[in-house]
Amino acid sequence: MPSLPISNIFITLTVVSVIFVSNVADDVPKIPYELVNNVCKKQWNEQFCLEVLKSDTRSEFAKDMTTLTAIALNVATKRVTATRDCFLEVKIGSPAVLKSLNDCIDPYNFVITSFQTCLKEDDCSLIGYDIYIAGDEVRRCQKFADSNGAHDSFITTSNNVTQDYCWLGESLANLMCNEIRS
Ligand SMILES: *[C@@H]1O[C@H](CO)[C@@H](O)[C@H](O)[C@H]1NC(C)=O
C-alpha cells in the first residue's frame, strides 16, 4: 500500500494544525468586544467608555486590560491635544473666554503629558494616580473659566469631556493593575 504513508502524513498534519489553531484561538475572546462590553458595563459613563474603546479596532478581540488602557490613553491624548490646539487657535471671543483659554494652556499641557507618559511608571499604581492628578488640572482650568466669567462657554463643555477621559483612564489603569497583580 504505497499511498498510505502519504495520506497518513496528510491526516497527521491536518490534525496537528487544527489543534494548533484551536489552541491559539483559545487565547482570544471569540465574541467581538466581549472584554470592552464587560468593562464598560462597570464604568459610570458606559456609553462614553464604549465609544472611546470601540473607536480603535484593536479593542475588538482584546484580551487584557493593558490593551484597553493603552487604547483609551491613546484616544484621550489625541482628543485632548486637539482641544488644546483649538484653545490656542481661538482668537475671537469675549475677554473672559480669551483670558480663560490662555490660562488653560498650562493645565492642558500637563494633562496631555500625563496621558503620554503615565504608562512608563515602574509602579503600576502610580499610573492611575498620574491620571487622577491630571483631573485636578482640568478642574484648575474650570476654576479659571468660572472666575473669569466664562462658565457658560465651550471651555466648560471641553473640560467635561476631558474630565471624562481622566475618569475613564484612571479606572481602566486601576483595573489593569489589579489584573497584573492577580
Ligand atoms: C459639565 O459637568 C458638570 C458636572 O458634571 C455639569 O453640571 C454641567 O452641566 C456640564 N456642563 C456642560 C456644558 O456640559
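What comes next is a walk through the structure. None of these values were measured; they are calculated from a predicted model.

**Details of the state of the cysteines**
Then step 1. Tallied over the full model, the rule gives three disulfides.
Then step 2. A sulfur-sulfur separation of 2.0 Å characterises the disulfide bridge that pairs Cys40 with Cys49. Judged by the sign of its S-S torsion, about -70 degrees, the bond between Cys40 and Cys49 is left-handed.
Then step 3. You can call Cys40 buried: its relative accessible area is 0%.
Then step 4. The disulfide partner of Cys124 is Cys177, and the gap between their sulfur atoms is 2.0 Å.

**A look at the packing of helix α3 (residues 46-54) against helix α7 (residues 154-181)**
Then step 1. Close contact between α3 and α7 brings their axes to 11 Å; oriented N to C, the two are set at 80 degrees. What the angle tells us is that α3 and α7 run roughly perpendicular. Residues Phe48, Cys49, Val52 and Leu53 of α3 lie in contact with α7, whose contacting residues are Val161, Asp164, Tyr165, Leu168 and Leu172.
Then step 2. Tallied by class, residues from the contact of α3 with α7 come to eight nonpolar, no polar and one charged.

**Structural notes on the pattern of salt bridges**
Then step 1. Overall, the coordinates contain five salt bridges when judged by the stated rule.
Then step 2. Among the ionic pairs, Arg140 bridges to Glu137, the shortest N-O distance being 3.0 Å. Taken together, the positions of Arg140 and Glu137, both in helix α6 (residues 125-148) and three residues apart, correspond to about one turn of that helix.
Then step 3. With a relative accessible area of 34%, Arg140 lands in the partly exposed category.
Then step 4. Looking at Glu137, the relative accessible area reads 14%, which means it is buried.

What counts and how
Note on numbering: residues in each chain are counted from 1, in written sequence order. Local features in this predicted model are restricted to residues of pLDDT 70 or higher, and side-chain atom pairs are both shown and tallied only at a pLDDT of 80 or more, whereas totals for entire chains, interfaces and linings draw on every residue. Side-chain measures here rest on the full set of heavy atoms in the structure, leaving out hydrogens and waters. For this text, the term disulfide refers to a pair of cysteine sulfurs within 2.5 Å. To sort residues, take the accessible area from a 1.4 Å probe on protein chains only and compare it with the maximum for the residue type: under 20% means buried, over 50% means exposed, and anything in between is partly exposed. For helices, the fitted line uses only the C-alpha atoms of the stretch in contact; every axis is such a line through C-alpha atoms, and the angle between N-to-C directions lies from 0 to 180 degrees. Put simply, DSSP H or I for four residues or longer makes a helix, DSSP E for two residues or longer makes a strand, and each gets a number counted from the N terminus. Should an angle lie under 35 degrees it is considered roughly parallel, over 145 roughly antiparallel, and from 65 to 115 roughly perpendicular; all remaining angles are considered oblique. Any pair of residues with heavy atoms lying within 4.5 Å of one another is described as a contacting pair. Only Asp, Glu, Lys and Arg are considered charged, only Ala, Val, Leu, Ile, Met, Phe, Trp, Tyr, Cys and Pro nonpolar, and every remaining residue, Gly among them, polar. Counted as salt bridges are all cases of a side-chain nitrogen of Lys or Arg within 4 Å of a carboxyl oxygen of Asp or Glu.

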